[in-house]
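Single-letter residue listing:
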Amino acid sequence: YVGKAVKFGNEYVGSLSAMFKNDYTLSKGDNRIMSIIASAISVEEERKGAEEKLEKYRDHLEELVKERTSELKDTSILLETIVDNIPDILGVQDMEHNIIRYNAAGHKLLNLTGKQIEGKKCFELIGCDKPCETCTISQAYLNKQPAYLIRYDESLGIWFDIRFYPILDDSGKVTKVIEHMRDI
């Protein structure tokens, strides 16, 4: 009987054994092969342990992602509900005057759905083919400051207080503008 200890981490967990019918002494080469095999078993056990830990960690991360995704969805629904229940018209535009989104009041005023509005130019929604000559939203883009105007819409017969609030990225560049319209 000849054996070599098998370790897992710093603990002995078993041995690699060979039994012979007759008395036998391992040569240096045989002894080395037994040591290599015992080490390989140790490495395999460590790999299996690391794989199990990694699998548990992955499962934990997946659970965290599910929880966070659910929280984000709930927050998104809450914010959308809040914005859609504001009676004023709220919208978001990009730097090229494309509408990204309007709240429910905006859809109602324009008598259009979100899909019909999204991607249209703001000036197209008021019957123009180019930006207004005194485009107040352009001021918000250029100055990186809120801008406002009072405007009468003849087609609707409504006076509006319209305010524009630039949204800046981390570098201070305007990326979008919030449009807030109130019937006055």
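Residues numbered from 1 in each chain as written. Predicted model: local features only at pLDDT ≥ 70, side-chain atom pairs only at ≥ 80, totals over all residues. Heavy atoms only, no water.

1. Some details on the layout of surface pockets
1) Next: Estimates place the volume of the largest pocket at around 500 Å³.
2) Next: Cys122, Ile126, Arg151, Ile162 and Glu179 are the residues nearest the centre of the largest pocket, which is lined by 26 residues in total.
3) Next: Those elements giving two or more residues to the lining of the largest pocket turn out to be strand 3 (89-94), helix 2 (104-110), helix 4 (136-143), strand 5 (147-153), strand 6 (158-168) and strand 7 (174-183).
4) Next: The residue makeup of the lining of the largest pocket, split by class, is 18 nonpolar, five polar and three charged. (1 Å grid on protein atoms, 1.4 Å probe; cavity = no way out; pocket = protein on both sides within 12 Å on 5 of 7 lines; lining within 4 Å. Points joined across faces, edges and corners; volume = space filled by probe spheres on them. Helix = DSSP H or I, 4+ residues; strand = E, 2+ residues; numbered from the N terminus. Nonpolar A, V, L, I, M, F, W, Y, C, P; charged D, E, K, R; others polar.)

2. Observations regarding the pairing of strand 5
Along any regular strand the residues' side chains alternate between the sheet's two faces.
1) Next: Pairing of strand 5 with strand 6 involves seven bridges; the strand directions are antiparallel. What sits directly across from Arg151, in strand 6, is Phe160. (Pairing = 2+ DSSP bridges.)

3. Examining helix 4
1) Next: Buried residues of helix 4: Thr136, Ile137, Ala140 and Tyr141, and no others. Burial along helix 4 is one-sided: seen end-on, the buried residues are contained in an arc of 155°.
2) Next: Contact partners of the buried residues in helix 4: strand 3, strand 5, strand 6 and strand 7.
3) Next: Phi turns positive one or two residues past the end of helix 4, at Lys144, with a value near 60°. (Buried < 20%, exposed > 50% of the residue type's maximum accessible area, 1.4 Å probe, protein only. Arc of directions from axis to C-beta. Contact = heavy atoms within 4.5 Å.)

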